[in-house]
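Given next are the chains, with one letter for each unit.
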Amino acid sequence: MTPETIPFDRRMLEALVCPLTRGPLSYDADAQELVSKTAKLAYPIRNGIPIMLADEARALDN
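Residues numbered from 1 in each chain as written. Predicted model: local features only at pLDDT ≥ 70, side-chain atom pairs only at ≥ 80, totals over all residues. Heavy atoms only, no water.

Student: Help me understand the packing of aromatic side chains, please; the structure alone is not making it clear to me.
Tutor: Tallied over the full model, the rule gives one aromatic pair. Pairing F8 with Y27 gives two aromatic rings, centres 4.9 Å apart and planes at 40°, and the pair type is tilted. Taken as a pair, F8 in the segment before β1 (26-28) and Y27 in strand β1 lie far apart in primary sequence, 19 residues in all. The same class applies to F8 and to Y27, which are both buried. (Phe/Tyr/Trp six-rings, centres within 6.5 Å; stacked < 30°, edge-to-face > 60°. Helix = DSSP H or I, 4+ residues; strand = E, 2+ residues; numbered from the N terminus. Buried < 20%, exposed > 50% of the residue type's maximum accessible area, 1.4 Å probe, protein only.)

So this is what it looks like as structure tokens:
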């Protein structure tokens, strides 16, 4: 298994919150992102590890 194929452990969602709003996150498997609808940000997941830094997050269009 290469680092790019390491899957995200969905059980992490129970412990993770948005670092800006402390609100819940949803998992977007296709984009490999954790989405904060409140902050309108999508945090990337790289090599199975969520990158919970606002500077690394992608702004959502809506």
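Student: Which parts of the structure should I look at to understand the environment of I45?
Tutor: Looking at where I45 falls in the secondary structure, it is placed in strand β3 (residues 41-46). Residue classification places I45 among the buried positions, given a relative accessible area of 9%. Here the alpha-carbon distance between I45 and Y27, two residues 18 residues apart in the chain, equals 9.7 Å. Every residue in contact with I45, bar those within four places of it in the chain, is listed here: F8, Y27, Q32, E33, L34 and P50. (Contact = heavy atoms within 4.5 Å.)

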